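A structural walkthrough
Now for the letters of each chain:
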Amino acid sequence: MFDWLSQIRYKKIRRAFNMKYDAREFDVSDIDTRICDLADAIYSKHKSEFHIPHSNKNGVGFFATALYDVGGHTLCLVNQIESMSDRADMHIFCSMLDETTRCAPTMLAKIKDCATISGINLSHKNFVNDLIYLYNQIADDCPSVSFVYIHMWDLLFTAVMHLLKRNTGMKIVFFNHASHFPNAGMTLADVILEGMPTIKKITEEKRHLHNCQIIGLQSVGRDDTHYYSKSEIDAKKSELGIPVDAPLTVTGGSSYKMFDGDTSPYFNMILELLRDNKKLHHLVISDMNDKECAILNSIFVGHDDLRARLHIVPMTAAYDLLFQCADVFVDSFPVSSAMTQIDLMRMRVASVVKINREKPIFSFHEYMPTDYPYMFDNVADMKRGVEYLLKHPAARRKIIDDEYKYWLATYERDIVRDRYMQIIKDLTNANN
């Protein structure tokens, strides 16, 4: 079926959200209200097309726009599902199922025995059909609690969540993975999960939502990390053209995190590191576009000898070996990396972190212990911190041991899993 009036209303709401997105307006409660009103109107007009929900009281749902083999929010979702595999009947619903199938074969293989996966392929061209189809898929196996990992612009899932909450009393736990963007659907949450105090404060003061809990990003189990031998690390370095006896710094993450407009303070610092440390090599794991490559090349123009010690490889889901090649991991800036820091703790790799005081929403230093000695406000101090750890193996060993203990107590899979299970228990009890 096609409802012209509803489709026009949907397009207008999308345009209104995009304007707020471009302006980085965190409060999109008016957008949520408009899309929920539209969902109510569609439900009233086409009620006979909507299925009567079939309750799965032991079910836990996961709502995602799409999953990817590379990306922090997918990893958090997959870690959560794997950790709960013997605790709940789990079902993942995606609004972009084809993209998930295409872009997340590794992740889907990991969870195929843990959860049912279904969904639709969002078209934006027939909102009424998409709404009814996705609603009915979830209604046929309706979980009592659902964890939401949707993309910030997913108005379809926002509308579906509203109808499910209204018709079934489903409890919504919103995982705020896109914390530095406006997020549709967050006003529907019974609980909002935040990663850091700064982000919680932004949600409270700028989104005007106060049902927040801080939860550690869930990593893998304590016995699930492979620690590579020196011979394996040396072989990988040789494959990359890096001398096995050369000190090596590494950075990994989305390329936008290393650029600031038409420049890159990050790569300027890397140039200085390579200039001042004659044997040092630096590895970047990222995918850069043409503009970013041009900026990088302009920074290294006239420094062919330094550029020869800068190695760039594509993003990969199999990054553990590359990370473990590092003597010191260098945080990206002006935008830091969140899950990366937690991965480094579990892999026992020392890292140096840049704090972004001017734009704290792009800074993830609060994932580290409050007294972490190698996080810095300015680039000069950060560079000195990297050099100190490169030259002092004993200091590296100490911080590695301290960080691993912190990881065990804060981010290890079962520790966080128990926090999730308590949230489910509390919400389920509230329904009784």
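Provided above is the structure to which this section pertains.
Below or above, wherever it landed, is the structure these notes cover. All values derive from a computational prediction rather than experimental measurement. (Residues numbered from 1 in each chain as written. Predicted model: local features only at pLDDT ≥ 70, side-chain atom pairs only at ≥ 80, totals over all residues. Heavy atoms only, no water.)

Inspection of the secondary structure puts Thr-249 in strand β8 (residues 248-252). Relative accessible area serves as the criterion here: at 1%, Thr-249 is assigned to the buried category. Here His-282 takes part through its side chain, which lies 2.7 Å from a polar atom of the side chain of Thr-249. Other than its neighbours up to four places away in sequence, Thr-249 contacts Leu-280, His-281, His-282, Leu-283, Val-328, Val-330, Val-386 and Leu-390. (Helix = DSSP H or I, 4+ residues; strand = E, 2+ residues; numbered from the N terminus. Buried < 20%, exposed > 50% of the residue type's maximum accessible area, 1.4 Å probe, protein only. Polar contact = N/O pair within 3.5 Å; in protein donor to acceptor, adjacent residues only side chain to side chain. Contact = heavy atoms within 4.5 Å.)

Okay, a positive patch on the surface next. A contiguous patch of positive charge on the surface is contributed by Arg-9, Lys-11, Lys-12, Arg-15 and Arg-34. At 4 residues, the largest contribution of residues to the positive patch is made by helix α1 (residues 4-22). Among the secondary structure elements, Arg-15 is positioned in helix α1. (Patch = residues over 30% accessible without salt bridge, like charges linked within 9 Å, V, L, I, M, F, W, Y side chains within 5 Å. Areas by Shrake-Rupley, 256 points an atom, 1.4 Å probe, with all protein chains shown as cover. Salt bridge = Lys/Arg side-chain N within 4 Å of Asp/Glu carboxyl O. Lys, Arg positive; Asp, Glu negative; His and termini not counted. Charge placed at Lys NZ, Arg CZ, Asp CG, Glu CD.)

Those residues of helix α9 (residues 230-239) not exposed but buried are Ile-233, Asp-234, Lys-236 and Lys-237. One side of α9 holds all its buried residues, which, seen down the axis, span an arc of 160°. Along α9, the residues that are exposed and aim more than 90 degrees away from the buried face are Ser-231 and Glu-239. On its buried face, α9 sits against β8 and α13 (320-324). Phi turns positive one or two residues past the end of α9, at Gly-241, with a value near 85°. (Arc of directions from axis to C-beta.)

With that settled, consider the sheet that holds strand β6 (residues 191-194). With respect to topology, 7 strands assemble into an open sheet ordered β3-β2-β1-β4-β5-β6-β7, the strand pairing being parallel. The open sheet has two edge strands, β3 (115-119) and β7 (212-214), and neither has a second partner. Across the sheet, the mean angle separating the axes of adjacent strands is 25° when strand polarity is ignored. Two elements, strand β5 (residues 171-175) and β6, share 3 bridges in a ladder whose sense is parallel. Following the sheet pairing, Phe-175 is matched in β6 by Leu-193. Of the strands in this sheet, β6 and β7 are in contact with helix α8 (residues 197-205), which crosses β7 at around 175°. (Pairing = 2+ DSSP bridges. Axes fitted to C-alpha atoms, helices over the stretch in contact; angles between N-to-C directions.)

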